[in-house]
Amino acid sequence: MNAQKMLAVAAVGGMLIAGVGFLPVSPLSVDRPTATPTFKLVPSQTFYFNSFVDCNMAEAWVGDTFRIFPGKHGEDPVWGYADDLKFADGRNADEAFSRKANEFRTPKIPDNAPIGKAGLHGAVWFETVYQDARDRSGRTLYAVYHNENYPSTLPYDPKTGEGYINKNWPQGLKGPTSPAAVCRIGIMKSTDGGRSWDNRGLFIEDLQPRMILKPHNTSNTFAGGVGDPSAVASGDYLYLFYGEYGFPGTYQPAAYQPENEYKGQCISVARIRLSDLDNPVGKARRWDGRGFNAPPNGIGAPIASLQIPRAEGGGPASSPTGGFHWGPSVSWNSYLNAWVMLMGKVVGPSWAGSDIFISFNTNADLSQGDNAQQWSKPQLLLSRPGHFLWYPSLQPLNTPDDIAQKRTCLKLGQKARLFVKDILPEKSVYLSEYVIEFEK
C-alpha cells in the first residue's frame, strides 16, 4: 500500500495485550512442538526515526557497519516522482536509526524504462535485504522490493500479458480521480554494500485477469497484486511472505462473490532458490495448498492460520470493511529457536487499522513438508484505537551481544525494539516506544 497519506482519524488512547496460544496441527505435521512462545512489551524511552519510512525496514551489516535502506524511488503518477530511497550507517542499530534526514545518502538505482519498453517501471521500496553468505566482505546484497504500477505506467501488452487495462479501474487513495495501484515484488542486486543497485527482475506478480475492478472493488487500496513482503533464508531457499490482494482466479464481474475472493487472500508464501537470485524471473514458486508448485504469476493459497475467519470479521481486500492481516515482518529468533512474524490488520477503507499482531513458527527448517505454513494464530501485540498502525518490525538493540552477533531485523535475540509507523491526520511518525521480551 505504500504511499504518503494523511488520514482522517482521531486519537482516543491505547492499550497493550500479550498472551499465549498453540500452533495449529496440520495433517502433514509430524513430531512438531505445539507450545507457542510468550512475550511482553516493556515501555521504553520513545525513539523517533528521522527520515521517510513507508515499508518494512531493509538492513544489513556491511563489515562492522549497520546499514539501513528506507524510502521510495521512481515514477508514481498519483503521488509524484520519488527520490527518497536512501541509506544510512551506524556502529549499531540505534546509531543508524538516529541519523538526521540530511545524513542519509542516495544510492545509485536504475532509472525507469520508457513506457512500453522492457525494464523497471513504477516506484520501488526495499522491504528486505538478503546478504549473500558466500561473500565474506558482506558487500553482496539482494534487495527484495515492493513495486507499484498503474495502467498509465504499465499499460497492457497483449503479447506478454503484462500490464493493466484502464477500464472499470478502481479508485485510489487520493479520491475518485485517482487510480488504485497494483503491486508486484522484484529483486535488485548490489556488489558494493548497497551504494549501487542492478535490477534483476520480478520475483512474483498477479496479471490483469486477477485484478478486482469496479463495481466490486471499493476499498481505496489496490486493484490487486502481491506486495508488502518480508523475506528470510532457510536452507537453499529464500522464503517470501507477502500480502495477496488479487482474485484467486479470473475476476468475472457477473459471477463475483466476496467469499470467493476472500478465500484466496491474506498473507501467503513463495520461495526461490538462493542460486536463482541473480536471474529470478520465472524461477519462484508459490505455495498452492499442497506444496510450492504454483508459478510466479499463478494462483497460490494463503496461510490458513493467518486468515481472519469470516465469523470474526474476515473479508476480502476489495471490501471497504476490510478484515485481513497484511504487511508481514519475519525474523528468526535465536533465543526461541523459532520464527516470529509481526503483521497489521485492515478493518476499513484506505488501510484503516489500529492493531498489530504477532505469530510464531517453531519449525527451523521451512523446506520440510508444510513447515512454512505452520504459524500460530495471530495474537494482539499492540493496539492504539484511532490511529493507523502500519509496518511493524522488530529491531536489534545497541547491546554488546546484539552488536557482537550482528543482529538485524531478520535475526534477533530475547529482547528487541518494536518499531511501527503511527499515523494521524496531522502527522505520521515511525517510532519505537516498547521493547519486546520473549520467554520460551
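Everything below is about the structure printed above this text.
Source: prediction; values computed, not measured. (Residues numbered from 1 in each chain as written. Predicted model: local features only at pLDDT ≥ 70, side-chain atom pairs only at ≥ 80, totals over all residues. Heavy atoms only, no water.)

## Things to note about the side chain of T408
Part 1: Here T408 shows up in the loop between α3 (400-404) and β24 (411-412).
Part 2: Classification of T408 by relative accessible area gives buried; the value is 6%. (Helix = DSSP H or I, 4+ residues; strand = E, 2+ residues; numbered from the N terminus. Buried < 20%, exposed > 50% of the residue type's maximum accessible area, 1.4 Å probe, protein only.)

## Describing the sheet that holds strand β26 (residues 427-439)
Working definition: the strands of a sheet are paired by backbone hydrogen bonds and lie parallel or antiparallel to each other.
Part 1: One open sheet holds the four strands; their spatial order is β2-β26-β25-β23, and the pairing between them is antiparallel. Edge positions in the sheet fall to β2 (38-48) and β23 (388-395), since each of these pairs with one other strand and no more. Ignoring which end each strand starts from, the neighbouring axes of this sheet average 30° apart. (Pairing = 2+ DSSP bridges. Axes fitted to C-alpha atoms, helices over the stretch in contact; angles between N-to-C directions.)

## A short note on the sheet that holds strand β3 (residues 59-62)
Part 1: The strand order β3-β4-β7 describes an open sheet built from three strands, whose pairing is antiparallel. The two strands at the open ends of the sheet, each matched to only one other strand, are β3 and β7 (88-90). Adjacent strand axes in the sheet meet at a mean angle of 25° when their direction is disregarded.
Part 2: Pairing of strand β4 (residues 65-68) with β7 involves three bridges; the strand directions are antiparallel. By the bridge assignment, F66 is partnered in β7 with G90.

## Some points on the pattern of salt bridges
Part 1: If you walk through the whole model with that rule in mind, you get 27 salt bridges.
Part 2: The closest approach of N and O atoms between D89 and R67, which form a salt bridge, is 2.6 Å. Of the two residues, D89 is situated in strand β7 and R67 in strand β4; the sequence distance between them amounts to 22 residues.
Part 3: Residue D89 is classed as buried on the basis of its relative accessible area, which comes to 13%.
Part 4: With a shortest N-O distance of 2.9 Å, E433 and R384 are connected by a salt bridge. A residue pair is termed long-range when its members are at least 10 positions apart, and E433 in strand β26 and R384 in the loop between β22 (379-383) and β23 qualify at 49 residues.
Part 5: What makes E433 partly exposed here is its relative accessible area of 23%.
Part 6: It is possible to trace a salt-bridge network through shared partners that takes in R91, E95, R99 and E103. (Salt bridge = Lys/Arg side-chain N within 4 Å of Asp/Glu carboxyl O.)

## What about the nonpolar core?
Nonpolar side chains in soluble globular proteins tend to be buried together.
Part 1: Counting residues in each nonpolar core, the largest one holds 24 residues, and the members touching the most others are V232, Y239, F241, L306, M341 and W375.
Part 2: Residue assignment for this core shows that the elements contributing at least two residues are β15 (237-244), β16 (266-273), β19 (324-333) and β20 (338-346).
Part 3: When neighbours within four sequence positions are excluded, L306 is seen to be in contact with C266, I267, H325, M341, M343, S359, W375, S376 and P378.
Part 4: Among the nonpolar cores identified, the runner-up in size contains 22 residues, and A338, L381, L382 and A416 belong to it. (Core = buried A, V, L, I, M, F, W, Y, C linked by side-chain atoms within 4.5 Å. Contact = heavy atoms within 4.5 Å.)

These figures capture arrangement, not role.
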